[in-house]
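# Structural description and commentary
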Amino acid sequence: MHGWTGNILRVNLTKKKAIAQEFDADFARTWMGGRGFAAKILWDELKSGIDAFSAENRLIFAAGPLTGVSLPSSGKLVVAAKSPLTGGYGDGNIGTWACVMMRKAGYDAFVFEGKAEKPTVVKVEDDATEFLDGTDYWGRGVFETEKELKKKYGNVTGVVSIGKAGENRVRYANMISQEGRGGGRPGIGAVMGSKNLKAVAIKGTKELPAADIKELKKLGLEGYKEILTKPNYKFWKRQGTVSTIEWCQENSCLPTRNFREGVFDQADAIGGFAMEKLKISNRGCPQCNMTCGNVITDVDNKPAEVDYENIALLGSNIGLGNLKEVAHLNRLCDDYGLDTISMGNIIGFIMEASEKKLVLEKIEWGDFEKAKELIEEVANNKSNMGALLAQGVRYASEKIGKDSKNWAMHVKGLEISGYTCQTTPAMALAYGTAASGAHHKDAWVISWEIKHGRESYDETKVDKIIELQRLRSMFEALTTCRLPWVEVGFEIDWYPRYLRAATGLTMTLEDMHKIADRTYTLIRAFWVREFGKQWNSSMDMVPNRWFTDPLTKGSFKGAKLDRTKYESMLQMYYHKRGWDKRGIPTESSLRRLGLSNVAKELSKYVQLTS
Ligand code: SF4
């Protein structure tokens, strides 16, 4: 077997024991890596209904056969666990040297299980694993933690750590690396905290495995060069994802005041061109020549990395039109290890609740000081308000009551990311059917939809969503960054070529799509097993607001989604996926994807249709 190291490091935190476990070529070919490995391990090893914060939960770091190789944007790591925020499958990806080092140390994945007795740092250096006392780091921000660990173990060490939010089990705590690269939106950082695992530090010196190293190097270099020739490359380097602010404003989909509107009167002040005036440098993930992290100085004159999602959610969505203030909130969230998307979504929610006098506290739109306070309170679990909001927007709306459920902006408990969808049914369905709740990373269909006509609810849109979910799942499995393909048009055909040079396997895009479908269906089975008979198509619905509250501003004033048409599009989606009317995979589709054992297990929880 080439391309994979063939090893998973099993780390038992309770027993302070780590053992390397081999996997075979069949496992590698069936699940590829990254999200595929994570979904398979979580399905096989978790009992249905376990508490996500129990020692039984698994915390997975997984890479794929292209991770870390010298080819465009390959420095990505999938982190996954049962989510404490949604109760279902949760994952995210993070750009970090830790994944390059993990592979160089001789592993494609780490699986953490059990719970350490006290705060711990796990250090892996090639074949040696140490369990170090992490008490001194507990309570510190991620920036300081990583800096200290690198001082101690050398600058080349790859570090992933959690901040106070993860320690305090905020249900949308993530993990951070390299001062601002975050991942694990559905509370994967909180799972790490529940295991008393403060940080993982990795150093590896081995050669990455490859079937044809010469060819892989050659293709990698050609890929980097190709990216430089793309017409959008120069502009991308200037603005990265931040230009999406202007694009969304123009297209009435910029989340504004808790997704109530799609345009923001101060969009220019937080957009790509405003950012350029403040920009001091670029940061990026390993092996990437598109470095899209834009660094600006915040109100305290400290460097803060901004991108589209965190500006939209901590800016327009909370009515804040000062980019330096937005950057400050973002930096604060990063240092605490809080997911910026969920945090901005929840601040917007509580601002609306305050406006509607559903909470006593006065929290006005655009109030920077108050937003800062809320972040502090959430991360430190400091006040009643902090403790309430730390549970996520779904929980907060259940507690606050009245009609707040209608404008609690989440799907399956995961807060919606950067697009308001009153005018874009396909993007709404992409959120509704994403693997871990409302995340754009599974199908960013909105740009295609706006070009091809946003009004319709037809089959072509359903096909497009599935096509994008397949392609994006492929990136999650390989595991590399999708942005060269999405943003500058780096052709998708490069990837089967890379895979062939890395593994020796000749796989077509269709072969890779089958792996993506298998993984997506297994993830659906995981959700269904957790929810059992409660599972039905309402789990894939998007918030009521998009059906009931028309936009009141901009060129799409009056627009809202049509519920009946959304539901019929959802049924079309199920049919094409081979799922029944409840959104549960049928027995025959499970069999077709090589998941007969999954069908057997799942039938203990729900009745499967044939
Ligand atoms: S394009 Fe951006 S997110 Fe992707 S690898 Fe490069 S720096 Fe990271």
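Summarised in this report is the structure supplied together with it. (Residues numbered from 1 in each chain as written. Predicted model: local features only at pLDDT ≥ 70, side-chain atom pairs only at ≥ 80, totals over all residues. Heavy atoms only, no water.)

### With respect to the environment of leucine 228
Mapped onto the elements, leucine 228 comes out in helix α7 (residues 213–228). Take leucine 228: its relative accessible area is 49%, and that puts it in the partly exposed class. Each C-alpha atom, one on leucine 228 and one on methionine 290, is 8.8 Å from the other, the two residues being 62 residues apart in sequence. Leucine 228 has contacts with Tyr233 and Asn289, leaving out every residue within four places of it along the chain. (Helix = DSSP H or I, 4+ residues; strand = E, 2+ residues; numbered from the N terminus. Buried < 20%, exposed > 50% of the residue type's maximum accessible area, 1.4 Å probe, protein only. Contact = heavy atoms within 4.5 Å.)

### With respect to the packing of aromatic side chains
Tallied over the full model, the rule gives 28 aromatic pairs. Ring geometry for tryptophan 527 versus tryptophan 535: centroids 6.2 Å apart, planes at 55°, classification tilted. One exposure class covers both tryptophan 527 and tryptophan 535, and it is buried. An angle of 75° between the planes, with centres 5.7 Å apart, marks the rings of phenylalanine 547 and tyrosine 566 as edge-to-face. You can see phenylalanine 547 sitting in helix α24 (residues 545–548) and its partner tyrosine 566 sitting in helix α25 (residues 563–577), a full 19 residues away along the chain. Since its relative accessible area comes to 5%, phenylalanine 547 is described here as buried. These aromatic residues form a ring-pair network of at least three members: Phe475, Trp485, Phe490, Trp494, Tyr495 and Tyr498. In this structure, arginine 454 is placed above the aromatic ring of phenylalanine 556, and the distance from its NZ or CZ to the ring centre is 3.9 Å. (Phe/Tyr/Trp six-rings, centres within 6.5 Å; stacked < 30°, edge-to-face > 60°. Lys NZ or Arg CZ within 6 Å of the ring centre and 35° of its normal.)

### Side note on the state of the cysteines
Here the structure, examined in full by the defined rule, presents 0 disulfides. Residue cysteine 253 stays outside any disulfide, its sulfur separated by 3.8 Å from that of cysteine 248, the closest cysteine. Lacking any disulfide linkage, cysteine 421 is separated from the closest cysteine sulfur, that of cysteine 253, by 7.8 Å. In this structure cysteine 421 comes out as buried when scored by relative accessible area, which is 0%. (Disulfide = S-S within 2.5 Å.)

### Overview of the pattern of salt bridges
Oppositely charged side chains can pair when the atoms bearing their charge come close. Scanning all chains against the criterion turns up 50 salt bridges. Where lysine 198 meets glutamate 167, a salt bridge forms, and the shortest distance between an N and an O atom there is 2.7 Å. In this pair, lysine 198 is assigned in strand β12 (residues 197–203) and glutamate 167 in helix α5 (residues 164–167), connecting sequence segments 31 residues apart. Note on lysine 198: relative accessible area 0%, which makes it buried. Residue glutamate 361 is joined to lysine 370 by a salt bridge in which the shortest nitrogen-to-oxygen separation is 2.8 Å. Exposure remark for lysine 370: the relative accessible area of 12% places this residue in the buried category. Because the salt bridges share partners, they merge into one network encompassing Arg260, Glu352, Glu355, Lys356, Arg545 and Asp549. (Salt bridge = Lys/Arg side-chain N within 4 Å of Asp/Glu carboxyl O.)

### Describing the packing of helix α14 (residues 340–355) against helix α17 (residues 393–400)
In the contact formed by α14 and α17, the axes pass within 10 Å of each other and the chain directions differ by 15°. The angle between α14 and α17 places the two elements in the roughly parallel class. α17 is crossed by α14, and the crossing has right-handed handedness. Touching Asn345, Ile346, Phe349, Ile350 and Ala353 of α14 are Val393, Ala396, Ser397 and Ile400, all from α17. For the contact of α14 with α17, a count of residues per class yields 7 nonpolar, 2 polar and no charged. (Axes fitted to C-alpha atoms, helices over the stretch in contact; angles between N-to-C directions. Parallel < 35°, antiparallel > 145°, perpendicular 65-115°, else oblique. Left-handed = near helix turned anticlockwise from the far one by under 90°. Nonpolar A, V, L, I, M, F, W, Y, C, P; charged D, E, K, R; others polar.)

### Focus: the side chain of serine 161
As for its placement among the helices and strands, serine 161 is situated in strand β9 (residues 158–161). Classification of serine 161 by relative accessible area gives buried; the value is 0%.

### Topic: helix α2 (residues 34–45)
Three or four residues apart is the spacing at which side chains of an α-helix point the same way, because the helix has 3.6 residues per turn. Counted at 1.5 Å a residue, the expected span for α2 with its 12 residues is 16 Å, and the 17 Å between its end C-alpha atoms agrees. Residues Gly34, Arg35, Gly36, Phe37, Ala38, Ala39, Ile41, Leu42 and Trp43 constitute the buried set of α2. (Expected span 1.5 Å × (residues − 1).)

### Thoughts on the sheet that holds strand β15 (residues 303–306)
The strand order β13-β14-β15 describes an open sheet built from 3 strands, whose pairing is antiparallel. At either end of the open sheet lies a strand with only one pairing partner, and these are β13 (279–283) and β15. For this sheet the average axis-to-axis angle between neighbouring strands, irrespective of direction, equals 35°. The sheet contact formed by β13 and strand β14 (residues 293–297) spans 4 bridges and is antiparallel. (Pairing = 2+ DSSP bridges.)

### A short note on the nonpolar core
Grouped together as the largest cluster of nonpolar side chains are 172 residues, with contacts concentrated most on Leu338, Leu389, Tyr431 and Trp546. For this core, the element with the highest residue contribution is helix α23 (residues 509–531), accounting for 11 residues. Once residues within four sequence positions are removed from consideration, tyrosine 431 is found in contact with Val411, Ile416, Ser417, Gly418, Tyr419, Cys421, Gly437, Ala438, His439, His440, Val542 and Trp546. In terms of nonpolar packing, the next biggest core, distinct from the first, is built from 32 residues, Phe110, Val160, Met175 and Met192 among them. (Core = buried A, V, L, I, M, F, W, Y, C linked by side-chain atoms within 4.5 Å.)

### Focus: the pairing of strand β6 (residues 109–113)
The side chains of a regular strand alternate between the sheet's two faces. For β6, the buried fraction is high: 5 of the 5 residues fall into the buried class. The two faces of β6 match: Ala109, Val111 and Glu113 on one face and Phe110 and Phe112 on the other face are all buried. When strand β1 (residues 7–12) meets β6, the two strands line up parallel, connected through 5 bridges. Note on β6: the bridge partner recorded for arginine 10 is valine 111. With 4 bridges connecting them, strand β3 (residues 59–62) and β6 associate as antiparallel partners. Paired with alanine 62 across the bridge in β6 is alanine 109.

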